[in-house]
Amino acid sequence: MHQQRSEPHLSPSSDTEDIVAILAPRLAYFAGVARTEHVTRAAQEMQVPQSTLSRAMVRLEHDLGVDLFARRGRTVSLTPAGRTFLSSVERALAEIERAADEVRADADPATGKVAFGFLHTMGSETVPGLIRAFRADHPRVRFSLVQNYGEAMIERLRSGELDLCLTSPVPDAPDLVARRLDEQKLRLVVPADHRLASRRRIRLAEAVDETFVTLEPGYGLRRITDDLCQQAGFRPRVAFEGEEAETLRGLVAAGLGVALLPPPAVPRPGVVELTVTAPRAAREIGVAWLDGHPDTPPVAAFKKFLLSKRGTLLPD
């Protein structure tokens, strides 16, 4: 039976954060002494003064209120409480080491990781092309890719889940840095058998009586659609709302409405895409990141690469 020490520094009601703050710096020392069962050898292996190590073990036992070692001179052996504590300490230290290895690997200039977000409409062609071109000079950099709508990506930037994101509209917020990279023209997409399908160009006001299919509220392209229709003098009558541009094209092909959309990566049968002459129908594409957030070398390299694509990010 191990002896309970009197007047422990920590009580069972102590806050967890207090316990961790007090105990954490001594855990590696404890594991070293437990492994060698000799204070002098442990001090030599860990390259710390023996007196420092001895004092740390005494304080650790005092803080816990439990004897962890049975002492015979400079030789020590674990008590039952010490063996129980060691099992958890070794798991905790191994997890800390794993986490340290992971963050060092993610920051490695040659093999690190970039957490990159982008709009769904950028996923089929633009982003794969960007990553392929970047990896020509950085072949081992890894990517964690997230497709989402603009507002959701901005929140993930703020939470630290993303390093960079391609989004539209280009955000204007005090905690973000954003740079315009390119502009993408929008087209009015109509069914192939629609009354306007024989046209090549159209003023948006001519679609005043049409039923629209759009992205859901909160999507940047939805706000742009609403704004352009307002400029054209009407509020769009929305029949269907979706989360992805190609789904909207499918709805248009099925004759369920018309839509303002960016050009497809591959032409879609069953629809005709008309150039909008008035108002000017386009959306800006930009890259954004959290202001003041330090970049790892791979993130800095990819950011520099993206900024070099200003004006050439998208096909003409």
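Everything below is about the structure shown above.
Procedures and definitions
- Residues numbered from 1 in each chain as written.
- Predicted model: local features only at pLDDT ≥ 70, side-chain atom pairs only at ≥ 80, totals over all residues.
- Heavy atoms only, no water.
- Pairing = 2+ DSSP bridges.
- Helix = DSSP H or I, 4+ residues; strand = E, 2+ residues; numbered from the N terminus.
- Axes fitted to C-alpha atoms, helices over the stretch in contact; angles between N-to-C directions.
- Contact = heavy atoms within 4.5 Å.
- Left-handed = near helix turned anticlockwise from the far one by under 90°.
- Nonpolar A, V, L, I, M, F, W, Y, C, P; charged D, E, K, R; others polar.
- Core = buried A, V, L, I, M, F, W, Y, C linked by side-chain atoms within 4.5 Å.
- Buried < 20%, exposed > 50% of the residue type's maximum accessible area, 1.4 Å probe, protein only.

## As for the sheet that holds strand β6 (residues 176-185)
Okay, so step 1: The five strands lie next to each other as β4-β3-β5-β13-β6, forming an open sheet whose pairing is mixed. At either end of the open sheet lies a strand with only one pairing partner, and these are β4 (142-147) and β6. The sheet shows a mean angle of 20° between the axes of neighbouring strands, direction not considered.
Okay, so step 2: Bridge count between strand β5 (residues 164-167) and strand β13 (residues 282-290): three bridges; the pairing is antiparallel. Pairing of Cys 165 across the sheet is with Ala 288, part of β13.
Okay, so step 3: Those strands touched by helix α5 (residues 126-135) are β3 (113-118), β4 and β5, and its axis lies near 165° from that of β4.
Okay, so step 4: The strands touched by helix α6 (residues 150-158) are β3, β4, β5, β6 and β13; relative to β5, the strand with the most contacts, the crossing angle is about 165°.

## Describing the packing of α5 against helix α9 (residues 297-307)
Okay, so step 1: It is at 11 Å that the axes of α5 and α9 come closest, and there the two elements cross at 115°. Where α5 crosses over α9, the two elements pack in a sense that is right-handed. Along the contact surface, α5 presents Leu 130, Ala 133 and Phe 134, while α9 presents Pro 298, Ala 301, Phe 302, Phe 305 and Leu 306.
Okay, so step 2: In the contact of α5 with α9, the residues fall into eight nonpolar, no polar and no charged.

## Quick word on the nonpolar core
Okay, so step 1: In terms of nonpolar packing, the biggest core is built from 36 residues, with Phe 116, Phe 143, Leu 164, Leu 166, Phe 302 and Leu 306 touching the most fellow members.
Okay, so step 2: Elements represented by at least two residues in this core include exactly β3, α5, β4, α6, β5, β6, β13 and α9.
Okay, so step 3: Top element by residues in this core is β13. It accounts for five residues.
Okay, so step 4: Residues contacting Phe 302, with those up to four places away along its chain left out, are Val 114, Phe 116, Phe 134, Phe 143 and Leu 164.
Okay, so step 5: Of all hydrophobic cores here, the second largest spans 30 residues; its members include Leu 228, Cys 229, Ala 245 and Leu 260.

## Considerations on the side chain of Ser 77
Okay, so step 1: Its place among the elements puts Ser 77 in strand β2 (residues 75-78).
Okay, so step 2: Given a relative accessible area of 18%, Ser 77 falls into the buried group.
Okay, so step 3: When near neighbours in sequence (up to four residues on either side) are disregarded, Ser 77 contacts Glu 37, Leu 68, Phe 69, Ala 70 and Arg 72.

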